[in-house]
Amino acid sequence: MMSRISAAIESFFVRYRSYLPWVHAVMFVMFMTILFLPLLLPDPPEDATPLTHFTTFANYALWGLWFPLLFLSVIFSGRSWCGLFCPMGAASEWANKIGLKRPIPGWLRWEGTPVVSFIVTTILGQTLGVRDHPEAVAEIFGCTMAAAIVIGFLYGQRKRVWCRHLCPIGRLLGLYSRIGAVQFVPKVKLGGCDSYTEKGICPTMIALAHKNESRHCIECFRCVNPQAKGSIRMEFRRPGIEIEKIRDHNANPAESWFLFLDTGVALGAFLWLVLPQYQNVRQAVGDIAIDHGWDWLLQVGSPWLVSVHPERAEVFLWLDFIMIVGFMLCCMLALTILLGAMTGAAAWLSARVGGKGEFRQRFTELGYLYAPVSMVSLILGLGNLLFDPIKETPLGMHGVQAVKGALFVAGMAWSIWLGDRILSNQSVCAARRWLPLLPGLMGCMAIGVCWWPAIFGI
Ligand code: SF4
Ligand code: SF4
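Only a predicted model underlies this, so the values are computations on that prediction, with no experimental measurement involved. (Residues numbered from 1 in each chain as written. Chains lettered and ligands numbered in written order. Predicted model: local features only at pLDDT ≥ 70, side-chain atom pairs only at ≥ 80, totals over all residues. Heavy atoms only, no water.)

Considering the site of ligand 1
For ligand 1, the full set of nearby residues is Arg79, Trp81, Cys82, Cys86, Met88, Gly89, Arg160, Trp162, Cys163, Cys167 and Gly170. Those elements that provide at least two residues to the shell around ligand 1 are helix H4 (80-85), helix H5 (87-98) and helix H9 (161-165). Classifying every residue of the shell around ligand 1 by side-chain character gives 7 nonpolar, 2 polar and 2 charged. (Near = heavy atom within 4 Å. Helix = DSSP H or I, 4+ residues; strand = E, 2+ residues; numbered from the N terminus. Nonpolar A, V, L, I, M, F, W, Y, C, P; charged D, E, K, R; others polar.)

Section: the site of ligand 2
In the vicinity of ligand 2, the contacting residues are Phe184, Cys202, Pro203, Thr204, Leu208, Lys211, Cys217, Ile218, Glu219, Cys220, Phe221 and Cys223. For the shell around ligand 2, a count of residues per class yields 9 nonpolar, 1 polar and 2 charged.

Describing a nonpolar patch on the surface
On the surface, Phe12, Tyr16, Tyr19 and Trp22 cluster together into a nonpolar patch covering about 510 Å² of accessible area. Tracing the backbone shows Tyr19 in the loop between helix H1 (2-16) and helix H2 (20-40). (Patch = residues over 30% accessible without salt bridge, like charges linked within 9 Å, V, L, I, M, F, W, Y side chains within 5 Å. Areas by Shrake-Rupley, 256 points an atom, 1.4 Å probe, with all protein chains shown as cover. Salt bridge = Lys/Arg side-chain N within 4 Å of Asp/Glu carboxyl O.)

Quick word on the environment of Pro439
As for its placement among the helices and strands, Pro439 is situated in helix H19 (residues 434-450). Look at Pro439 and you get buried, because its relative accessible area is 6%. Taking the C-alpha atoms as reference points, Pro439 and Gly344, 95 residues apart in sequence, are found 8.8 Å from one another. Discounting residues that sit within four places of it in the chain, Pro439 has contacts with Met342, Ala345, Ala346, Leu349 and Tyr370. (Buried < 20%, exposed > 50% of the residue type's maximum accessible area, 1.4 Å probe, protein only. Contact = heavy atoms within 4.5 Å.)

A few points about the pairing of strand S1 (residues 182-186)
Counted residue by residue, S1 has 5 buried out of 5 residues, so it is predominantly covered. Residues Val182, Phe184 and Pro186 of S1 are buried on one face, and the alternating residues Gln183 and Val185, pointing to the opposite face, are buried as well. Bridge analysis of S1 against strand S2 (residues 232-236) gives 5 bridges, and the strand direction is antiparallel. Residue pairing in the sheet places Phe184 in a bridge with Met234 of S2. (Pairing = 2+ DSSP bridges.)

Structure follows, in structure tokens:
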């Protein structure tokens, strides 16, 4: 049954993929409208709704629909957004067709480049107030779009260098696509693990005959040809199976650490807004600045770096810039150290109860167990507008909390299940797996405690 459905989907996209540029063009126009039209409109009144004012609609479309649904869609269809709809990746590829086609430099190919890109974008998004101000949306997404086009223009031949190496969202989607229900696999697979090649048709430089992981596949269907014996085919699979068997799917230490870092920085992005303790520390630092005559700290910050909107009663000082950046980096480091320690303990205990492989290998594999709980946290915390319509139903605020709580518990249970399967593949017998699973459970609970204000309020 599933193979018939996947064959039908393959045939559909192979037949109609030449029309994809039209889809991208429509998405590009819609994206530009959402980014820039609100700049030309007066601010919405207090009681505006998405149905009565375009700026409110654009904000809800971005943060209430696109952001959370993009991450949820990965579970069902992998990176289909990237290959089929994303106007940024498509624009980068259009630029590449007419561009300079220079060799891809080493600094771009570094594993940490998209991590830095994600952290910088997330932090700037907070200091500029990207969820509240259309100017910040235009700056962050507009600059990202411009960078995608410039990188596409400069580097690679018929490739999406931006999507593989730099996109702050792509790296995240790639990681979560490992738990997705869709994969593209070679019909005839050669030995060895996933490798990188600039030859061939894959826009994200995957050596197709060796392909054994999902993260770089943007599902563009370019390599799919149902008639050709040596091509790639699309298949459905049980969600999570790639992480359960991560030992066979090119587990990557940088990806595990990225999972910890991005969970931490996203948490910081939410907590500084809601924690009264953050305001107390800010006040104390402000008092110290006054006492010591550090006037520059109390000056209004650059509108390119912080939110400066006196007409909306929000003006950030350099103090706010430093405090927000510092708070988010501290959250990121603290959660990374915590999850790293829990994963280290799990990897150490795994060996004590029969787990096979080097410590580094076991550590990397067990790091992936946090993927579901981390993804759910992102949706609940930063995509919380998605749940707002529930408030208008008879369920009210309790309904919102119940749905969010249920989602979080599901994410946590899935993480523990993945941990159990990863340990099974490390040859730990069922009766003794509970021991190395304990640190994983504690790590998930720690994430839950940190995100508590997002789920249930303070
Ligand atoms: S990697 Fe980024 S720019 Fe590329 S298609 Fe995906 S979301 Fe769009
Ligand atoms: S593996 Fe195939 S579907 Fe995936 S990105 Fe490469 S060419 Fe596109």
